[in-house]
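Architecture at a glance
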Amino acid sequence: MARGLPHGRLGQSAGLIRLKGVVKTDPESFILANTSLMAPPHVPEIRLHLASEAHELWLKTEEELEEIGLPPPFWAFAWAGGQGLARYILDHPEIVAEKTVLDFASGSGLVAIAAKRAGAAHMLAVDIDPWAGTAIRLNALENGVTVDFSGDDIIGRAVNADVILAGDVFYDRDFAAGLVPWLRRLAGEGKGVLVGDPGRAYLPKDRLEEQATYQVPVTRALEDSEVKKTTVWRFLAD
């Protein structure tokens, strides 16, 4: 997800390998060194490897991230849309129980882990950031569940799943323009398509049906408030 990050300075971080003058990163060691296990405030049943305001990871500039070969670490934060969607799935397990489920733009894997804990028969987390694959594997292991991962760009493709979940994905105009018709088509095929959103600018409300609303605590360093009103929506079929 293409969101801005706080800017600042920091020194050498753990989990880095220098090779012939080029800084390389080992995802697993970097994640373990730069995050802590914590429960997202709206989903206390689940523990994730997340960055907190006390961690150096918050302070990296985009230039520093690029230098060490690290894409913007969206997997390190529990975004409001994902927290709301995960809460809804845990409170309504019948939505995913015994079904094949896909979590799109999975990030930390929070929603995927919630769905698996709610009884999903098969859980696939999809994110084009390869670092997310490592984060999801570590987080799934911590929560005692199995989540498969794909790094493919699947927008516009056929999906072999009964339920598609997507937390906090309508933050960019161009991205939303490609996402909306795809999700509507999947809904038209009879699949359940649920999204969690805290009021992002490009949410297509006219094509959605509200399911639940939550007040989700978030980190002011990433958002414009300490609590975000977050709604879970179901995509309507064409």
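It should be noted that the structure appears before, not after, this text.
Residues numbered from 1 in each chain as written. Predicted model: local features only at pLDDT ≥ 70, side-chain atom pairs only at ≥ 80, totals over all residues. Heavy atoms only, no water.

1. Considerations on the overall build of the protein chain
A count of helical and extended segments in the protein chain gives six helices and eleven strands. Summarising the internal contacts of the protein chain: among those between residues at least 6 apart in sequence, 68% fall at separations of at least 24. Surface accessibility of the protein chain: about 10,600 Å² in total, with carbon and sulfur atoms responsible for 49%. (Helix = DSSP H or I, 4+ residues; strand = E, 2+ residues; numbered from the N terminus. Contact = heavy atoms within 4.5 Å. Areas by Shrake-Rupley, 256 points an atom, 1.4 Å probe, with all protein chains shown as cover.)

2. Some remarks on the nonpolar core
Grouped together as the largest cluster of nonpolar side chains are 49 residues, with contacts concentrated most on Ile46, Trp75, Ile89, Val96, Val101, Val147 and Leu165. For this core, the secondary structure elements donating two or more residues are helix H1 (27–34), strand E4 (48–50), helix H3 (80–91), helix H4 (110–117), strand E6 (122–126), helix H5 (130–142), strand E8 (163–167) and strand E10 (208–217). Setting aside anything within four residues of it in sequence, one finds Val147 in contact with Ala112, Ile113, Met123, Ala125, Ile136 and Ala140. (Core = buried A, V, L, I, M, F, W, Y, C linked by side-chain atoms within 4.5 Å. Buried < 20%, exposed > 50% of the residue type's maximum accessible area, 1.4 Å probe, protein only.)

3. Brief notes about the sheet that holds E8
Adjacent strands of a sheet form backbone hydrogen bonds with each other and so pair up, either parallel or antiparallel. In space, the seven strands of this open sheet follow the order E7-E6-E5-E8-E9-E11-E10, with mixed pairing throughout. Either end of the sheet is taken by a strand with one partner, and the two such strands are strand E7 (148–150) and E10. Taking each pair of neighbouring strands and ignoring which way they run, the sheet shows an average axis angle of 20 degrees. Where E8 lies against strand E9 (residues 192–197), five bridges are found, and the strand directions are parallel. Of the residues in E9, the one forming a bridge with Val163 is Gly192. (Pairing = 2+ DSSP bridges. Axes fitted to C-alpha atoms, helices over the stretch in contact; angles between N-to-C directions.)

4. Here we look at the packing of H3 against H4
Here H3 crosses H4 at 0 degrees, and the two axes come no closer than 9 Å. Here H3 lies roughly parallel to H4, going by the angle between them. Here Gly82, Gln83, Leu85, Ala86, Ile89 and Leu90 of H3 lie close against H4, whose contacting residues are Leu110, Val111, Ala114, Ala115 and Arg117. A per-class count over the contact of H3 with H4 returns eight nonpolar, two polar and one charged. (Parallel < 35°, antiparallel > 145°, perpendicular 65-115°, else oblique. Nonpolar A, V, L, I, M, F, W, Y, C, P; charged D, E, K, R; others polar.)

5. A short note on the pattern of salt bridges
One pass over the structure, following the stated rule, counts six salt bridges. Between Glu28 and Arg137 there is a salt bridge, with its nearest N and O atoms 2.8 Å apart. Taken together, the residues Glu28 in helix H1 and Arg137 in helix H5 connect sequence positions 109 residues apart. Relative accessible area serves as the criterion here: at 31%, Glu28 is assigned to the partly exposed category. The class for Arg137 is partly exposed, based on a relative accessible area of 44%. The closest approach of N and O atoms between Glu45 and Arg87, which form a salt bridge, is 2.6 Å. Note that Glu45 is positioned in the loop between strand E3 (36–38) and E4 and Arg87 in helix H3, a separation of 42 residues in sequence. The class of Glu45 is partly exposed, set by a relative accessible area of 34%. (Salt bridge = Lys/Arg side-chain N within 4 Å of Asp/Glu carboxyl O.)

6. Here we look at the pairing of strand E11 (residues 227–235)
In regular strands, side chains alternate between the two faces of the sheet. Across four bridges, the pairing between E9 and E11 is antiparallel. The residue bridging Leu194 from the neighbouring strand is Arg234, located in E11. With nine bridges connecting them, E10 and E11 associate as antiparallel partners. For Glu210, the partnering residue across the bridge sits in E11 and is Trp233.

7. Some details on H5
If you check H5, its first and last C-alpha atoms are 19 Å apart, about what 13 residues at 1.5 Å a residue would give, namely 18 Å. Along H5, the positions that sit buried rather than exposed are Trp131, Ala132, Gly133, Thr134, Ala135, Ile136, Leu138, Asn139 and Ala140. Here H5 starts with a cap whose side-chain oxygen sits 2.9 Å from the backbone nitrogen of Trp131, and that cap is Asp129. Directly beyond the C-terminal end of H5, a positive phi value near 70 degrees is found at Gly144. (Expected span 1.5 Å × (residues − 1). Polar contact = N/O pair within 3.5 Å; in protein donor to acceptor, adjacent residues only side chain to side chain.)

8. Let's talk about the pairing of strand E5 (residues 100–104)
Of all five residues in E5, four are buried, a share of seventy percent or more. When E5 meets E6, the two strands line up parallel, connected through five bridges. Bridge pairing in E6 places Val101 opposite Met123. Chirality of the crossover, the property in question, places the unit of E5, H4 and E6 among those that are right-handed. (Right-handed = clockwise from strand over helix to strand, strands pointing away.)

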